[in-house]
Amino acid sequence: MDNYPLLNIFWTMLELFLWILWFFLLFKIITDIFRSHDMSGWAKAGWMILVILLPLIGVLVYVIVRGKGMGERDVAQAQKADAAFKAYIRDAAGTPGEGGTGAAGTGRSHVEDLAKLAALKADGSISEDEYQKAKDKLLA
């Protein structure tokens with residue numbers, strides 16, 4: 001280790017970092033190729049051949065040509081996952097008419113009632129004491 005200068009260590013670390021970064025980008029692009037619904041099977045095969053046979057050029061060309069759509073597909077995927085998560089939370093919390101324990105037999109869930117109480121408190125329609133009393137009554 002005595003004959004390996006400090007700058008060479010930094011250079012080696014930079015090369016390793018860029019190599020790993022390039023692999024992450026390559027896998028992201030391959031995932032995007034298969035996830036894209038606006039391309040035909042032949043177009044997907046062509047991009048895969050370009051990305052695999054000429055990796056550096058193929059990745060750079062893909063990012064230049066389809067980079068904007070790649071970002072839009074990522075946003076759409078994130079929104080879809082967020083909507084699925086929120087639907088799961090609503091389902092787990094109990095929805096009206098599906099066995100949710102209703103307030104005063106109305107079929108509303110406690111979650112909806114608590115949300116309405118919080119909205120009234122945020123609007124200033126009820127005070128903190130009134131909010132706490134109503135919340136305790138609802139949860140009892």
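Residues numbered from 1 in each chain as written. Predicted model: local features only at pLDDT ≥ 70, side-chain atom pairs only at ≥ 80, totals over all residues. Heavy atoms only, no water.

### A short note on the packing of aromatic side chains
Okay, so step 1: As enumerated under the stated definition, the model contains 4 aromatic pairs in all.
Okay, so step 2: For the pair Trp47 and Tyr62, a centre-to-centre distance of 4.9 Å together with 90° between the ring planes defines the contact as edge-to-face. Placement of Trp47 in helix 2 (residues 41–53) and of Tyr62 in helix 3 (residues 55–93) is noted, with a sequence separation of 15 residues between them.
Okay, so step 3: Given the relative accessible area of 15%, Trp47 is considered buried.
Okay, so step 4: Within the aromatic cluster, the residues linked to one another by ring pairs are Trp19, Trp22, Phe23 and Phe27.
Okay, so step 5: Sitting over the ring of Tyr131, Lys121 keeps its end group 4.6 Å from the ring centre. (Phe/Tyr/Trp six-rings, centres within 6.5 Å; stacked < 30°, edge-to-face > 60°. Helix = DSSP H or I, 4+ residues; strand = E, 2+ residues; numbered from the N terminus. Buried < 20%, exposed > 50% of the residue type's maximum accessible area, 1.4 Å probe, protein only. Lys NZ or Arg CZ within 6 Å of the ring centre and 35° of its normal.)

### What to know about a nonpolar patch on the surface
Okay, so step 1: A cluster of nonpolar side chains, namely Ile49, Ile52, Leu53, Leu54, Leu56, Ile57, Leu60, Val61, Ile64 and Val65, defines an oily patch on the protein surface of about 1000 Å² accessible area.
Okay, so step 2: The element that contributes the greatest number of residues to the nonpolar patch is helix 3, accounting for 6 residues.
Okay, so step 3: In this fold, Leu60 is placed in helix 3. (Patch = residues over 30% accessible without salt bridge, like charges linked within 9 Å, V, L, I, M, F, W, Y side chains within 5 Å. Areas by Shrake-Rupley, 256 points an atom, 1.4 Å probe, with all protein chains shown as cover. Salt bridge = Lys/Arg side-chain N within 4 Å of Asp/Glu carboxyl O.)

### Re the confidence of the model for the protein
Should pLDDT be low for a region, the predicted coordinates there are not to be read in detail.
Okay, so step 1: Per-chain confidence: the protein averages 84 in pLDDT, with 89% of residues scoring 70 or above.
Okay, so step 2: In the model of the protein, helix 4 (residues 110–123) stands out as the element of lowest mean pLDDT, 84, in contrast to helix 2, which has the highest, 94.
Okay, so step 3: Taken as a whole, residues 97–105 scores under 50 in pLDDT and shows 11 contacts with residues more than four places along the chain or in a different chain. (pLDDT = per-residue confidence, 0-100. Contact = heavy atoms within 4.5 Å.)

### A look at the side chain of Lys44
Okay, so step 1: In this structure, Lys44 sits in helix 2.
Okay, so step 2: One buried charged side chain, Lys44, makes no salt bridge at all; its nearest oppositely charged neighbour is Asp38, positioned 7.3 Å away.
Okay, so step 3: At 2.9 Å, the side chain of Lys44 and the backbone oxygen of Ser36 are in polar contact. (Lys, Arg positive; Asp, Glu negative; His and termini not counted. Polar contact = N/O pair within 3.5 Å; in protein donor to acceptor, adjacent residues only side chain to side chain.)

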